Amino acid sequence: MKFGGHVMASLLATACGRSVLAFVPASSRLVAKQFNSAAAKSVSDARFHSVASISNASTRLFSAVAEKGTAAAAAEEEEEELPTNESDMDLLKLRHTSAHVMAMAVQQTFPEAQTTIGPWIDNGFYYDFYFPETTDEETGEVIPSRKLTDADLKMVKKAMDKIISKNYPITREEVSREEARKRIEELGEPFKLEILDSIKTEPITIYGIGDEWWDLCAGPHVESTGQLPKKAIALQSVAGAYWRGDENREMLQRIYATAWKDPQQLKTYKKRMEEAKKRDHRMLGKKLDLFSIQEDAGGGLVFWHPKGSAVRLKIEDFWKSEHIEKGYDLVYSPHIANLELWKTSGHFDFYKEGMFDQMDVENEVYQIKPMNCPFHCLMYKDSIRSYRDLPF
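For the structure given in this document, a descriptive report is provided here. (Residues numbered from 1 in each chain as written. Predicted model: local features only at pLDDT ≥ 70, side-chain atom pairs only at ≥ 80, totals over all residues. Heavy atoms only, no water.)

Describing the pattern of salt bridges
The condition that has to hold: Whenever a carboxyl oxygen of Asp or Glu lies within 4 Å of a side-chain nitrogen of Lys or Arg, that contact is scored as a salt bridge. A run of H or I in DSSP becomes a helix once it reaches four residues, and a run of E becomes a strand once it reaches two; helices and strands are each numbered from the N terminus. For each residue, the accessible area found with a 1.4 Å probe, counting protein chains only, is set against the maximum for its type, and the residue is called buried under 20%, exposed over 50%, and partly exposed in between.
One pass over the full model with this rule turns up 18 salt bridges. One salt bridge connects Arg146 with Glu112, and the closest N-O pair in it is separated by 3.1 Å. Remark: Glu112 occurs in the loop between helix 5 (89–109) and strand 1 (114–115) and Arg146 occurs in the loop between strand 5 (142–143) and helix 6 (150–165); sequence separation between them is 34 residues. Given the relative accessible area of 31%, Arg146 is considered partly exposed. Salt-bridge contacts for Glu316 lead to Arg312; the nearest nitrogen and oxygen are separated by 2.8 Å.

And the structure:
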């Protein structure tokens, strides 16, 4: 069940009494001032009931502009459609090779860096690195693990550009497991040894960048580093990641990057990311005073403010009325239940790692519900049913 873009924007504008430009295409700027004035007056007069009291004229005006702007935005997106890994194998190869080039550049810039994995992802690629403590050869002083900075990323990008300019050939080699292990041990790459042990097939494939650098890899790649467009690759950010996703293992540093086939595609992608930031729900929630996330109460817990509550109420009323109109019945069920119910349903055995901890209630073990379906099953079997009661 979906809201039209203009309906949602109307609800938000009405409830907030603020500028709605963040929710609509640029073409609506011509009438934004007029609409905002009407919405602000409605909110001032009706406060909480402003959702219901906004004038029909303002709503029709905004809806018409929003529909026109949405059509224009759709046409623009169609003109600037970006390729994907699924639709463009050349792009996928480009991103995969870029990940290898970045890893080589990082180890050239910071020789202590140890490599782990570096796959392509939807909009580019990433690579995880481990930076161990090092010791100053002259003083014997222990140097803490390096924490990558934006300045470090600029240095890495310059090293990448040099590697690309040298147009190293990308080579593929098949070796035995023993030979791969020998080479990895010579490099002192412990994480690569773990990766090698996880590979169950043989022979082992290695991809090299000239004679300068290599990695365990199944491919695919471009033919040479010179085929990578330097000006269409951008290093974006650094994040932490545990090795193998295990919090008891080493903390790695993950460099995220984006890569495209030409600078224009990169420009389009960056533009879309900037537009997405403007529509980020966390930013809009604060800016429009819709809701807040209070860290003192716990991460990710939403506190709905009066304006956001008005929007939420309107959406919930719409959702309920649509379901009732389509023949659904509404039911309410508890938020917790005896743990035995979740064992019977199978949720506890299959999903307990992703569920909240159990709680003791009057000497019985209860569980916050992960889903509603077991409750509905209990309701259904609460009375005798006939096959005639089943929907057809």
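There is more to say after this.
Here we look at the packing of aromatic side chains
This is how it is decided: Side-chain rings of Phe, Tyr and Trp, where Trp is taken by its six-membered ring, are said to pair if the distance between their centres is within 6.5 Å; with planes under 30 degrees apart they count as stacked, over 60 as edge-to-face, and otherwise as tilted. Consider the ring centre and the ring normal. A charge sits over the ring if Lys NZ or Arg CZ is within 6 Å of that centre and within 35 degrees of that normal.
What the rule picks out here adds up to ten aromatic pairs. Ring centres of Tyr127 and Phe129 lie 5.1 Å apart, and the angle between their planes is 25°; on these two criteria the pair is classed as stacked. By the burial criterion, Tyr127 is buried, and Phe129 matches it. Here Tyr130 and Phe191 contribute two aromatic rings whose centre-to-centre distance is 5.4 Å and whose plane-to-plane angle is 65°, an arrangement assigned as edge-to-face. Here Phe191 lies in helix 8 (residues 190–198) and Tyr130 lies in strand 3 (residues 124–130), a separation of 61 residues in the sequence. Overall, the relative accessible area of 23% leaves Tyr130 in the partly exposed class. On the basis of relative accessibility, which here comes to 3%, the residue Phe191 falls in the buried class. Taken together, Phe110, Tyr127, Phe129 and Phe131 form an aromatic cluster joined through their ring pairs. Positioned above the aromatic ring of Trp260 is the side chain of Arg95, whose terminal nitrogen or guanidinium carbon lies 4.4 Å from the ring centre.

A closer look at the packing of helix 5 against helix 6
This is how the line gets drawn: Note on geometry: axes are C-alpha line fits, over the in-contact stretch for helices, and angles between N-to-C directions span 0 to 180 degrees. Throughout, a crossing is termed right-handed when the near helix is turned clockwise from the far one, and left-handed when it is turned anticlockwise from it by less than a right angle. When checking whether two residues touch, look at their non-hydrogen atoms; a contact exists if any pair is within 4.5 Å. Think of it as three bins: nonpolar holds Ala, Val, Leu, Ile, Met, Phe, Trp, Tyr, Cys and Pro, charged holds Asp, Glu, Lys and Arg, and polar takes everything else, Gly as well.
Direction vectors running N to C along helix 5 and helix 6 enclose 115°, while the axes themselves pass 8 Å from each other. With respect to the hand of their crossing, helix 5 and helix 6 are arranged in right-handed fashion. Together, Ser98, Val101, Met102, Met104, Ala105, Val106, Gln108 and Thr109 of helix 5 and Met155, Val156, Ala159, Met160, Ile163 and Ile164 of helix 6 make up the contact between the two elements. Considered class by class, the residues forming the contact of helix 5 with helix 6 number eleven nonpolar, three polar and no charged.

Some thoughts on the packing of helix 7 (residues 177–187) against helix 8
Counted only if it meets this: Angle categories are assigned with fixed cut-offs, so that under 35 degrees is roughly parallel, over 145 is roughly antiparallel, 65 to 115 is roughly perpendicular, and the rest are oblique.
Between helix 7 and helix 8, the shortest axis-to-axis distance is 9 Å and the interhelical angle comes to 170°. The pairing of helix 7 with helix 8 is recorded here as roughly antiparallel in orientation. In terms of crossing hand, the pair formed by helix 7 and helix 8 is right-handed. Where helix 7 approaches helix 8, its residues Arg177, Ala180, Arg181, Ile184 and Glu185 are matched on the opposing element by Lys192, Leu193, Leu196 and Asp197.

As for the sheet that holds strand 13 (residues 336–338)
So the rule is basically this: What makes two strands pair is DSSP finding at least two bridges between them.
Taken in spatial order, the three strands of this open sheet run 13-15-14, and their pairing is antiparallel. The open sheet terminates on both sides in strands that have one partner only, identified here as strand 13 and strand 14 (359–361). Between one strand axis and the next, the sheet turns through 45° on average, direction left out of account. In terms of strand pairing, strand 14 meets strand 15 (residues 364–368) through three bridges, oriented antiparallel. Bridging from a neighbouring strand, Val361 pairs with Glu364 of strand 15.

Some points on the pairing of strand 15
One ladder, built from three bridges, connects strand 13 with strand 15; its direction is antiparallel. Paired with Ile336 across the bridge in strand 15 is Ile368. Here strand 14 hands over to strand 15 after two residues, with Glu362 in that stretch at a positive phi of 50°.

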